[in-house]
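Breakdown of the fold
Below are the chains, spelled out letter by letter.
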Amino acid sequence: MKQKKKHPIKDFYIGEIYLYQQFANLLSIETDVKNNNSIKQNFPLSGAIDFQRDLISRYIDWENRRTYEGFLTIFYKQGDKYICLHNGVTYELGTPIIIENLIPLTELLPQINTNAITEISLAQALDLFDTLFKEDESILYSEKEELTSDFYVGDIVLKERTLPEDMDMRVEYFNLPLHLMLSKNNLEIYSFGENNTDNTVYRCLFLRDGVDLYNINNNGFYNPNEDNFDSIIPFRDYLQEFKIPTPKDRMSIPKALTLFKKTI
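No experiment lies behind these values; they were computed from the predicted model shown. Along each chain, the written sequence defines residue order, and numbers are assigned to residues from 1. It should be noted that, the model being predicted, local features are given only for residues of pLDDT at least 70 and side-chain atom pairs only at 80 or more, the latter also being counted only at that level, while totals for whole chains, interfaces and linings use all residues. As a convention, hydrogens and water are excluded, and side-chain values are obtained from all of the structure's heavy atoms.

1. Quick word on the packing of aromatic side chains
Let me state the cut-off plainly: Classification of ring pairs rests on two measures: the distance between centres of Phe, Tyr or Trp rings, Trp counted by its six-membered ring, which must be within 6.5 Å, and the angle between planes, read as stacked under 30 degrees, edge-to-face over 60 and tilted in between. Helix numbering and strand numbering both begin at the N terminus, where a helix is a DSSP run of H or I of at least 4 residues and a strand a DSSP run of E of at least 2. Burial here depends on accessible area, computed with a 1.4 Å probe over protein chains only, as a share of the maximum for the residue type. Under 20% is buried, over 50% is exposed, and the range in between is partly exposed.
Throughout the structure, instances matching the rule amount to 17 aromatic pairs. On the basis of an interplanar angle of 50 degrees and a centroid distance of 5.1 Å, the ring pair of Phe12 and Tyr76 is categorised as tilted. Separated by 64 residues along the polypeptide, Phe12 in strand β2 (residues 12-25) and Tyr76 in strand β6 (residues 66-78) bring together distant segments of the chain. Comparing Phe12 with Tyr76 shows no difference in burial state: the two are buried. Between Phe51 and Tyr173 the ring centres are 5.0 Å apart and the planes differ by 75 degrees, which places this aromatic pair in the edge-to-face class. With Phe51 in the loop between β4 (49-50) and β5 (60-61) and Tyr173 in the loop between β12 (151-162) and α4 (176-183), the pair connects residues that are 122 residues apart, well separated along the chain.

2. Focus: unusual backbone geometry
Residues other than glycine seldom take positive phi values, yet Asn195 does so here, at roughly 55 degrees. Along the chain, the position of Asn195 falls in the loop between β13 (188-194) and β14 (197-209).

3. Section: the pattern of salt bridges
Put simply, the rule reads: The rule for a salt bridge is simple: a side-chain nitrogen of Lys or Arg has to be within 4 Å of a carboxyl oxygen of Asp or Glu.
Under the criterion given, the structure shown has nine salt bridges. Its salt-bridge partner being Lys10, residue Asp11 comes within 3.4 Å of it at the nearest N-O pair. On the accessibility criterion, Lys10 (56% relative accessible area) is exposed. A single network of salt bridges, built from pairs that share partners, joins Asp136, Glu137, Lys184 and Lys261.

4. Remarks on the confidence of the model for the protein
Cut-off, in case you're wondering: Note on scores: pLDDT gives the predictor's confidence for each residue, bounded by 0 and 100. By definition in these notes, contact holds between two residues if any of their heavy atoms fall within 4.5 Å.
Averaged over all residues, the pLDDT of the protein is 88; the fraction at 70 or higher stands at 89%. Across residues 31-38 the pLDDT falls below 50, and counting only partners more than four positions away or on other chains, this stretch makes 17 contacts in the model.

5. A few points about the pairing of strand β15 (residues 212-215)
Worth spelling out the cut-off: For two strands to pair, DSSP has to find at least two bridges joining them.
In terms of strand pairing, β14 meets β15 through four bridges, oriented antiparallel. Bridge pairing in β15 links Asp209 to Asp212. Remark: two residues form the turn of the hairpin made by β14 and β15, two consecutive strands paired antiparallel; Gly210 in that turn has positive phi of roughly 70 degrees. Sheet topology note: the β15/strand β16 (residues 220-222) ladder contains three bridges and is antiparallel. By the bridge assignment for β16, Leu213 is matched with Tyr222. The loop that links β15 with its antiparallel partner β16 comprises four residues; one of these, Asn219, has a positive phi angle of about 65 degrees.

6. Observations concerning the environment of Val157
Structurally, Val157 can be placed in strand β12. Sequence spacing of Val157 and Asp230 is 73 residues, and the spatial spacing of their C-alpha atoms is 7.3 Å. With sequence-adjacent residues up to four places away left out, Val157 is seen in contact with Phe192, Asn199, Thr200, Val201, Asn228 and Asp230.

7. Brief notes about α4
Along α4, seven of the eight residues are buried, which leaves the element largely enclosed by surrounding structure. The complete set of buried residues in α4 reads Leu176, Pro177, Leu178, His179, Leu180, Met181 and Leu182.

8. Digging into helix α3 (residues 122-133)
As a reminder of what qualifies: Helix span, as expected, comes to 1.5 Å for every residue beyond the first.
Counted at 1.5 Å a residue, the expected span for α3 with its 12 residues is 16 Å, and the 17 Å between its end C-alpha atoms agrees. Counting buried residues along α3, nine of its 12 residues qualify, which places the element largely inside the surrounding structure. Listing the buried residues of α3 in full gives Leu122, Ala125, Leu126, Leu128, Phe129, Asp130, Thr131, Leu132 and Phe133.

9. Remarks on the side chain of Asn185
Among the secondary structure elements, Asn185 is positioned in the loop between α4 and β13. Discounting chain neighbours no more than four positions away, the residues touching Asn185 are Glu137, Lys261 and Ile264.

10. Some details on the environment of Asn218
Going by this rule: Contacts described as polar in this section are N or O atom pairs within 3.5 Å, which, within protein, must combine one atom able to donate a hydrogen with one able to accept it, while residues neighboring in sequence count only if both atoms come from side chains.
Turning to its location among the elements, Asn218 is positioned in the loop between β15 and β16. A relative accessible area of 1% places Asn218 in the buried class. Contacts of Asn218, omitting those with residues within four sequence positions, involve Ile156, Leu178, Met181 and Leu182. A polar atom in the side chain of Asn218 sits 3.2 Å from the backbone nitrogen of Gly220.

Below is the structure:
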């Protein structure tokens with residue numbers, strides 16, 4: 001596919017892909033060199049996020065002698081097939097290579113104070129992936145100013161993953177893109193286990209939007225009365241604790257992010 005040709009943005013998805021390699025026998029998970037569906041051959045790691053680098057977190061299919069490793073990547077949906085933009089390979093659902101938790105790219109992009117996008121090229125889609133999960137997200141926002149009194153800081157709890165009892169069970173990940181977006185900025189406060197799941201608490205910057213609070217760090221809307229907040233305080237009060245002056249009346253989201261990052 002041509003890198004510069006524009007495609008509907010609704011056809012791009014962020015998701016998990018689990019690639020595998022065969023191992024020789026049931027007594028060892030060393031790679032079978034003669035029959036190697038190698039992770040490195042299938043996925044040259046050109047920008048995807050390897051969130052299962054350590055062996056202990058990977059799933060082992062003992063019956064079929066496969067060890068799986070998970071990556072977060074971006075797909076272009078073409079019919080009932082998915083083209084992985086990080087390696088150019090086309091995949092179908094329901095094969096030994098596992099693809100799951102597909103989320104439309106549009107759901108992860110900024111939802112307010114940004115220019116609406118209807119079409120993007122493959123190269124632009126990869127750039128958006130990098131911005132969301134690796135780089136400074138403030139470039140996605142406009143310089144439109146909001147009331148300083150509408151900015152808040154709060155601690156939210158996000159379910160992260162299951163805690164399997166043994167290696168025969170697959171780890172199920174929850175909110176993985178959101179966790180990666182938050183962890184890139186070192187927003188994690190602490191984590192804890194509860195009811196066979198890992199949970200993580202993040203300190204985030206919010207903007208009031210009607211009755212909801214918009215999370216500027218992961219581009220989602222939260223209801224302060226319903227969602228799991230540990231605390232929520234005005235941004236101005238929060239910055240005063242760090243002796244950082246704030247604009248008196250109005251500021252843009254990029255400006256607020258710049259100030260917030262000084263406290264991390």
